[in-house]
Amino acid sequence: MKLAVVVNRRKPGADERAAAVERWAERRGQEAYTIDGAAPEAIDRARFDRSDFVISLGGDGTLLRAARFVGEREIPILGVNLGSLGFLAEIGADGIEEALESLRAGRFHLEDRMNLEGTVNDRAGERSFRVLNDAVITRVGATRIGHFATYLGDGLISAYTADGLILSTPTGSTAYNLSAGGPIVNPTLRVIVMTPICPHALGLRPLILPETEHIRVECTEPDEEVRLATDGQESHVYRSDAVIRVRAARRPTRLVRVGGKDFHEVLRHKLHWGKRE
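Residues numbered from 1 in each chain as written. Predicted model: local features only at pLDDT ≥ 70, side-chain atom pairs only at ≥ 80, totals over all residues. Heavy atoms only, no water.

(A) Region of the structure containing the pairing of strand 10 (residues 146-152). The element strand 10 is largely enclosed, with a buried count of five among its seven residues. In the sheet, strand 10 pairs with strand 11 (residues 155-162) via seven bridges, with the strands oriented antiparallel. Each bridged residue has a counterpart across the sheet, and for phenylalanine 148 the counterpart in strand 11 is tyrosine 160. Hairpin remark: strand 10 followed by strand 11, antiparallel, with two residues in the connecting loop; positive phi at glycine 153, about 65 degrees. Of the pairings in the sheet, the one linking strand 10 to strand 15 (residues 215-219) comprises five bridges and is antiparallel in character. Residue pairing for strand 15: threonine 150 is matched across the bridge by valine 217. (Buried < 20%, exposed > 50% of the residue type's maximum accessible area, 1.4 Å probe, protein only. Helix = DSSP H or I, 4+ residues; strand = E, 2+ residues; numbered from the N terminus. Pairing = 2+ DSSP bridges.)

Right, here's the structure in full:
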């Protein structure tokens, strides 16, 4: 069994946990490759692509980074939470060795999580992106409001005057989407959530769209710059002529489940969902 270990060394105890994975692998005759680079180009790609599993040691941001490294390869990811919330992570730090034994023995199942993929086209050409959580489009400048038009195919959905727009997967529905008033969606579903950020109209509310839809977002104000942030990992600024297209990705991110809390338990435990006091 070959493991790729993506570690966030800024988390307390991260070095010790990464070393523990390496020691476990050595004792069991397995292979562990620890990655500390912040960008995909820092990876030994040939070695990474031979991995049977990716172990994410950190928080949700570390797991999103691991998913970015994996891309379309569908290498299963086991999330280990070394942070405070760790909503995406399967287990806590104390459960690493037991989880590794479960992987070795085949006592696990895989949960497919939908991704979004898209392109940005402007005068400079085309750039593609892929997200497990969300693509967030905002205006540039703290004192300015944004003006966006959204389309499904050639049909107009709505013109938004808002601070921005969140295009979220079900997995990302409990992230920025939730803070902006969007719905919580079971992460195993395949839908696209579109949530305006502080819209300047009472009639604009979040939408849940089928995975078959192709969404197009355009800026409607000339000379207005927009920012696109993808999974909180990358952020780029574009001029007003930029056209952003988003759709459901064909290939999912595969998360390893070894008997941790189910989705609704996590909601109750970490977000205090349904708590009355």
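(B) Region of interest: the nonpolar core. Phe129, Leu167 and Val217 are the most contacted members of the largest nonpolar core, which totals 25 residues. Elements that contribute at least two residues to this core include exactly strand 7 (116-122), strand 8 (125-131), strand 9 (134-139), strand 12 (164-168), strand 13 (191-197), strand 15, strand 16 (226-230) and strand 18 (243-248). Apart from residues lying up to four places away in sequence, valine 217 is in contact with Ile137, Phe148, Ala149, Thr150, Leu165, Leu167, Ala242, Val243 and Ile244. Listed in part, the 22 residues of the second largest apolar core include Leu3, Leu78, Leu82 and Ala99. (Core = buried A, V, L, I, M, F, W, Y, C linked by side-chain atoms within 4.5 Å. Contact = heavy atoms within 4.5 Å.)

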